[in-house]
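Survey of secondary and tertiary structure
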Amino acid sequence: MSTDPSWLDKGDNSWQLTAASLVCLQSVPGLVVLYAGWVKHKWAINSAFMAFYAFCAVLICWMLWGYKLAFGKYMLPFAGIPGPSVVMNYQVGQSALPSADLLQNFPQSTMIYFQFAFASITLVLIAGSFLCRMNFYAWMLFVPLWLTFSYCIGAYSIWGGGFLFKMGVIDYSGGYVIHLSAGTAGFVGAWWIGPRIEEDLEDNVPNSIPMMLVGAGILWIGWNGFNGGDPYAASPDAGVAVLNTNVCTAMSSLVWVAWDIIYFKRPSVIGAIQGMITGLVAITPAAGVVAGWGAIALGFGSGTIPWLTMNIAGRKMTLFTRVDDTLEVFHTHFVASLVGGFGTGLFATVDGCAAFGLTNPGGAIAGNGRQVWLQIVGALFIIGWNLVWTSLIMMFIKFVLRVPLRMSDEHLAVGDFAVHGEEPYTFAHYNAKHALPANQKKRMVLRDRQEEGRGVLVGKEPHSKVERHTSLGEGETDHIAAVKTEGTGTMG
């Protein structure tokens with residue numbers, strides 16, 4: 001094998017690897033950090049770990065059977081022949097999508113890595129609907145099952161050369177394959193799992209909005225690789241996709257904030273993040289085939305329609321009040337992806353389609369009204385398939401494997417410490433609420449007045465002391481409480 005084969009374009013390969021890495025950064029650490037900050041403090045570790053686990057598990061499944069099931073040789077109109085992608089001569093050969101009859105100017109290993117990044121983030125997005133109550137062992141089973149029987153089917157059908165690909169459905173970067181799938185599966189799965197406990201439903205204030213902004217920023221900038229990598233080349237259309245991604249996202253976030261100001265009488269940081277997400281989702285199916293004005297129009301739609309479904313319909317319609325979708329993934333991904341998918345059918349341009357290598361003669365604005373109906377057909381298939389298979393997978397885990405989908409009420413009352421034996425933060429006032437397991441027991445040493453001259457601990461009152469109180473419950477574990485001495489005031 002030559003070190004510089006004739007088919008290799010080093011610029012394309014470099015950009016594709018960069019784009020793939022940007023998408024991976026969206027999951028780890030992007031969504032890991034975003035989730036950890038978004039939930040209340042007692043669920044920070046579990047929420048972040050659900051995302052981290054999915055990222056790891058998907059990669060192994062992808063290498064062993066998933067990639068070829070989604071992008072391999074024809075087996076069924078909606079699935080390729082599954083098989084491993086671990087042989088060296090396959091990995092170093094030229095990238096090819098055999099069912100779609102497409103070749104790329106970079107190695108197969110680059111394509112495997114790039115498509116893995118999309119597969120993994122889909123499962124991470126679904127986790128957003130299940131946070132704060134799903135049994136972690138059930139999640140460990142759900143990830144490989146849903147990847148196999150749902151994600152790979154949608155990916156092959158639309159991207160890998162399946163029947164929707166041949167019909168002409170346009171999904172530039174995963175508005176349907178990723179976001180519509182995640183929104184459907186998240187909502188259906190949340191119904192099967194059941195709601196959070198009443199305490200967590202009533203008190204669900206994020207534990208760190210600055211941490212949310214960090215995760216949101218990584219998610220936004222990482223989307224340049226998400227959409228910019230899908231021409232499979234460092235092409236002019238890649239530049240268009242990146243520009244449109246940022247234009248639509250900015251417009252959507254601003255419109256969402258405007259609606260918050262009009263309706264709630266104040267701007268919200270969380271609202272700005274929600275609007276950012278809906279903008280990223282809506283531009284995804286259209287990124288490189290619409291013009292700049294189309295991106296602005298989609299941004300207005302994605303900042304308005306999901307806002308209405310979340311803040312108006314979501315508070316009044318029985319369908320939404322009976323399903324506990326923790327991070328509102330239905331509105332930010334399901335609804336926003338429909339805005340983008342339908343908008344693609346309306347606003348796709350002839351030049352944009354040609355630049356992306358499509359034979360579609362644009363959308364409705366170019367006189368091709370049929371594209372709108374094709375987009376609707378594609379959406380209906382993805383919704384129907386995920387509704388059925390997500391339910392089947394949940395029933396299989398619950399009734400066949402006998403693994404509960406939801407944690408016990410005892411674990412739900414405590415959170416991270418009960419599930420993982422770890423705390424998200426090491427503040428004494430929080431750790432004191434829970435007994436440490438035997439292998440982690442630590443004893444706090446009382447500080448006498450001789451030590452007071454050494455300074456004040458950050459976050460502690462200068463005249464406070466720590467006392468040990470013993471609870472005579474099971475195990476006679478020590479509980480620590482900070483007690484203020486008489487006559488002292490609070491800092492601040």
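Refer to the preceding data block for the structure.
Treat the numbers as computed from the prediction; the structure is a model and nothing was measured. (Residues numbered from 1 in each chain as written. Predicted model: local features only at pLDDT ≥ 70, side-chain atom pairs only at ≥ 80, totals over all residues. Heavy atoms only, no water.)

Quick notes on the overall build of the protein chain
The cut-off we apply is this: For helices the rule is a DSSP run of H or I covering at least 4 residues; for strands it is a run of E covering at least 2, with both sets numbered from the N terminus onward. Burial status follows relative accessibility: with a 1.4 Å probe on protein chains alone, a residue under 20% of its type maximum counts as buried, one over 50% as exposed, and anything between as partly exposed.
Along the protein chain, the regular secondary structure elements total 19 helices and 6 strands. Taking all 492 residues of the protein chain together, the buried fraction comes to 53%.

As for the packing of aromatic side chains
As a reminder, the rule being used: Centres within 6.5 Å make a pair out of two Phe, Tyr or Trp rings, where for Trp the six-membered ring is used; the pair is then stacked when the planes are under 30 degrees apart, edge-to-face when over 60, and tilted otherwise. Two thresholds decide whether a charge sits over a ring: the Lys NZ or Arg CZ must be within 6 Å of the ring centre and within 35 degrees of the ring normal.
In total, this model carries 32 aromatic pairs according to the counting rule given. Note on Phe-381 and Trp-385: the rings are 5.7 Å apart at their centroids and 35° apart in plane angle, and the pair reads as tilted. Placement of the pair is Phe-381 and Trp-385 together in helix H16 (residues 370-400), with a separation of 4 residues, close to one helical turn. Seen in terms of ring centroids, Trp-385 and Trp-389 are 5.8 Å apart; in terms of plane orientation they differ by 25°. Their pairing is stacked. Taken as a pair, Trp-385 and Trp-389 lie in helix H16 at a separation of 4 residues, close to a single helical turn. One aromatic cluster is present, formed by Phe-78, Phe-149, Phe-163, Phe-381, Trp-385 and Trp-389 through successive ring pairs. Taking NZ or CZ as reference, Lys-68 lies 4.4 Å from the ring centre of Tyr-90, over its face.

Brief notes about the side chain of Asp-260
Heads up, the condition is: We treat Lys and Arg as the positive residues and Asp and Glu as the negative residues; His and chain ends play no part in the count. Salt bridges are defined by distance alone: a side-chain nitrogen of Lys or Arg within 4 Å of a carboxyl oxygen of Asp or Glu.
Topologically, Asp-260 is positioned in helix H10 (residues 236-264). In this structure Asp-260 is buried but unpaired, with Arg-315 as the nearest side chain of opposite charge at 7.6 Å.

Structural notes on the pairing of strand E3 (residues 94-97)
A regular strand places its side chains on the two faces of the sheet in alternate fashion. Which entries qualify depends on this criterion: A strand pair is defined by DSSP finding two or more bridges across the two strands.
Residues Ser-95 and Leu-97 line the buried face of E3, whereas the alternating positions Gln-94 and Ala-96 sit on a face that is not buried. The sheet contact formed by E3 and strand E4 (residues 102-107) spans 3 bridges and is antiparallel. Paired with Gln-94 across the two strands is Pro-107, which belongs to E4. Between E3 and E4, which pair antiparallel one after the other, the connecting turn spans 4 residues, and Asp-101 there sits at a positive phi close to 60°.

Some details on unusual backbone geometry
Backbone geometry follows two general trends: most residues other than glycine have a negative phi, and most peptide bonds adopt the trans configuration. With an omega of 15°, the peptide bond between Val-28 and Pro-29 qualifies as cis. One can find Pro-29 in helix H1 (residues 10-38). Positive phi, close to 60°, is recorded for Asp-101, a residue that is not glycine. For Asp-101, the location among the structural elements is in the loop between E3 and E4. Positive phi outside glycine occurs at Arg-402, with the angle close to 60°. Examined against the element boundaries, Arg-402 turns out to sit in the loop between H16 and helix H17 (409-414).

Things to note about a nonpolar patch on the surface
For clarity, the threshold we go by: Any residue with relative accessible area above 30% and no salt bridge may belong to a patch, with like charges joined within 9 Å and the nonpolar Val, Leu, Ile, Met, Phe, Trp and Tyr side chains within 5 Å. Note that accessible areas follow from Shrake-Rupley with a 1.4 Å probe, and for residues the cover is restricted to the protein chains shown.
On the surface, Leu-59, Ile-60, Leu-64, Val-86 and Val-87 cluster together to form a nonpolar patch covering roughly 420 Å² of accessible area. With respect to the helices, strands and loops of the structure, Leu-59 is situated in helix H2 (residues 44-71). What makes Leu-59 partly exposed here is its relative accessible area of 33%.

Looking at the side chain of Gln-16
In plain terms, the rule: Any pair of nitrogen or oxygen atoms within 3.5 Å is treated as a polar contact; in protein, a donor-acceptor pairing is required on top of that, and neighbouring residues in sequence qualify only through side-chain atoms on both sides. In this analysis, two residues are considered to be in contact whenever any of their non-hydrogen atoms come within 4.5 Å of each other.
By secondary structure assignment, the location of Gln-16 is in helix H1. On the basis of relative accessibility, which here comes to 0%, the residue Gln-16 falls in the buried class. Within the local environment of Gln-16, its side chain forms a polar contact with the backbone oxygen of Gly-229, the two atoms lying 2.8 Å apart. What Gln-16 contacts, discounting residues up to four positions off in sequence, is Phe-106, Thr-110, Phe-114, Gly-229, Tyr-232 and Ala-233.

Some remarks on the nonpolar core
Applicable threshold: Residues belong to one nonpolar core when they are buried, are Ala, Val, Leu, Ile, Met, Phe, Trp, Tyr or Cys, and are joined through side-chain atoms within 4.5 Å.
Judged by nonpolar contacts, the single largest core of 108 residues is most densely connected at Trp-62, Leu-123, Trp-139, Phe-142 and Tyr-151. If we ignore the near neighbours within four places in the chain, the residues touching Tyr-151 are Trp-62, Gln-115, Phe-118, Ala-119, Thr-122, Trp-146, Trp-159, Val-177 and Ile-178. Residues Ile-283, Ala-287, Val-289 and Leu-298 belong to the second largest nonpolar core, which totals 14 residues.

A word on helix H4 (residues 108-130)
The test is simple: Helices are assigned an expected span. That span is 1.5 Å times one less than the residue count.
With 23 residues, H4 extends 34 Å from end C-alpha to end C-alpha; this agrees with the ideal 33 Å at 1.5 Å per step. When you tally the buried positions in H4, you get 21 out of 23 residues, the bulk of the element.

Examining the environment of Thr-249
Mapped onto the secondary structure, Thr-249 falls in helix H10. Between the C-alpha atoms of Thr-249 and Phe-300, which are 51 residues apart in sequence, the distance is 9.5 Å. Look past the residues within four positions of Thr-249 in its chain and what remains in contact with it is Trp-220, Gly-275, Met-276, Gly-279 and Leu-280. Within the local environment of Thr-249, its side chain forms a polar contact with the backbone oxygen of Thr-245, the two atoms lying 2.6 Å apart.

Remarks on the environment of Met-395
Relative to the helices and strands, Met-395 is located in helix H16. Note on Met-395: relative accessible area 29%, which makes it partly exposed. Each C-alpha atom, one on Met-395 and one on Leu-405, is 9.3 Å from the other, the two residues being 10 residues apart in sequence. Contact partners of Met-395, with chain neighbours within four places excluded, come to Trp-192 and Val-400.

Side note on H10
Helix length check: H10 (29 residues) gives 42 Å between terminal C-alpha atoms against 42 Å at 1.5 Å per residue, within 8%. Looking at the residues trailing H10, positive phi occurs at Lys-265, about 70°.

Some points on the packing of H4 against helix H7 (residues 175-193)
Basically, it comes down to this: As a rule, the C-alpha atoms of each element are fitted with a line to give its axis, helices using only the stretch in contact, and angles between N-to-C directions run from 0 to 180 degrees. Note on convention: the crossing is left-handed when the near helix lies turned anticlockwise from the far helix by less than a right angle, right-handed when the turn is clockwise. Side-chain classes are defined by residue name, with Ala, Val, Leu, Ile, Met, Phe, Trp, Tyr, Cys and Pro counting as nonpolar, Asp, Glu, Lys and Arg as charged, and the others, Gly among them, as polar.
Two numbers describe how H4 lies on H7: the axes approach to 8 Å, and their chain directions differ by 35°. The handedness of the crossing between H4 and H7 comes out as right-handed. The segment H4 lies against H7, with Phe-118, Ile-121, Thr-122, Leu-125, Ile-126, Ser-129 and Phe-130 engaging Ile-178, His-179, Ala-182, Ala-185, Gly-186, Phe-187, Gly-189, Ala-190 and Ile-193. Here the residues of the contact of H4 with H7 are counted per class, giving 11 nonpolar, 5 polar and no charged.

Quick word on the environment of Ala-70
Looking at the secondary structure, you find Ala-70 in helix H2. Overall, Ala-70 belongs to the buried group, its relative accessible area being 0%. Along the chain, Ala-70 and Leu-147 lie 77 residues apart, while their C-alpha atoms are 9.9 Å from each other. Excluding anything up to four places from it in sequence, Ala-70 contacts Trp-62, Cys-152, Ala-155, Tyr-156 and Gly-160.

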